[in-house]
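Here is what each chain is made of, one letter per residue.
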Amino acid sequence: MEELIEELKKEIIEALNLEDMTPDDIDADAPLFGEGLGLDSIDALELIVLMEKHYGIRFANAADGKKVFTSVRHMAEYVSKNRKK
């Protein structure tokens, strides 16, 4: 699981052009939106594209994505159970 978390951190940095950040700067359990990493709705769309492109995961509705994107650890758990690629 830790390898997947590190992989997701790198992919998030790349997808969202967070050039001044390293994977170590991202707490796997911190919220991605709001007070944590501070992402916004545009970033959420980028994360959805990332999940589809890299893992073959599609979300049926926005509520599903909202639950998955609470933290990097939640993303990793969801990917490990639902990845298609």
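Small disclaimer: the values here were computed from a predicted structure and weren't measured.

Reading the values: rules and limits
- Residues numbered from 1 in each chain as written.
- Predicted model: local features only at pLDDT ≥ 70, side-chain atom pairs only at ≥ 80, totals over all residues.
- Heavy atoms only, no water.
- Helix = DSSP H or I, 4+ residues; strand = E, 2+ residues; numbered from the N terminus.
- Buried < 20%, exposed > 50% of the residue type's maximum accessible area, 1.4 Å probe, protein only.
- Lys, Arg positive; Asp, Glu negative; His and termini not counted.
- Salt bridge = Lys/Arg side-chain N within 4 Å of Asp/Glu carboxyl O.
- Polar contact = N/O pair within 3.5 Å; in protein donor to acceptor, adjacent residues only side chain to side chain.
- Phe/Tyr/Trp six-rings, centres within 6.5 Å; stacked < 30°, edge-to-face > 60°.
- 1 Å grid on protein atoms, 1.4 Å probe; cavity = no way out; pocket = protein on both sides within 12 Å on 5 of 7 lines; lining within 4 Å.
- Points joined across faces, edges and corners; volume = space filled by probe spheres on them.
- Nonpolar A, V, L, I, M, F, W, Y, C, P; charged D, E, K, R; others polar.

K.L.:
Sorry, what's going on with the side chain of Asp43 here?
P.N.:
Its place among the elements puts Asp43 in helix H2 (residues 41–55). Put simply, Asp43 is tucked away with no salt bridge, and the nearest opposite charge, on Lys66, sits 15 Å away. Among the polar contacts listed, one links the side chain of Asp43 to the backbone nitrogen of Asp40, at a separation of 3.0 Å.

K.L.:
I'm lost on the packing of aromatic side chains in this one. Help?
P.N.:
Counted by the stated rule, this structure contains 2 aromatic pairs. Aromatic side chains Phe59 and Phe69 sit 5.5 Å apart centroid to centroid with 70° between the ring planes, which places their arrangement in the edge-to-face category. Separated by 10 residues along the polypeptide, Phe59 in the loop between H2 and helix H3 (62–68) and Phe69 in the loop between H3 and helix H4 (72–82) bring together distant segments of the chain. For the pair Phe59 and Tyr78, a centre-to-centre distance of 5.7 Å together with 25° between the ring planes defines the contact as stacked. With Phe59 in the loop between H2 and H3 and Tyr78 in helix H4, the pair connects residues that are 19 residues apart, well separated along the chain. Judged by relative accessible area, which is 16%, Phe59 ranks as buried. By way of ring pairs, the aromatic residues Phe59, Phe69 and Tyr78 are connected into one cluster.

K.L.:
How should I be thinking about the layout of surface pockets in this particular structure?
P.N.:
The space that makes up the largest pocket amounts to roughly 160 Å³. Around the largest pocket, the lining residues are Phe33, Ser41, Ala44, Leu45, Ile48, Ala62, Gly65, Lys66 and Phe69. Tallying contributions element by element places H2 first for the lining of the largest pocket, with 4 residues. Here the residues of the lining of the largest pocket are counted per class, giving 6 nonpolar, 2 polar and 1 charged.

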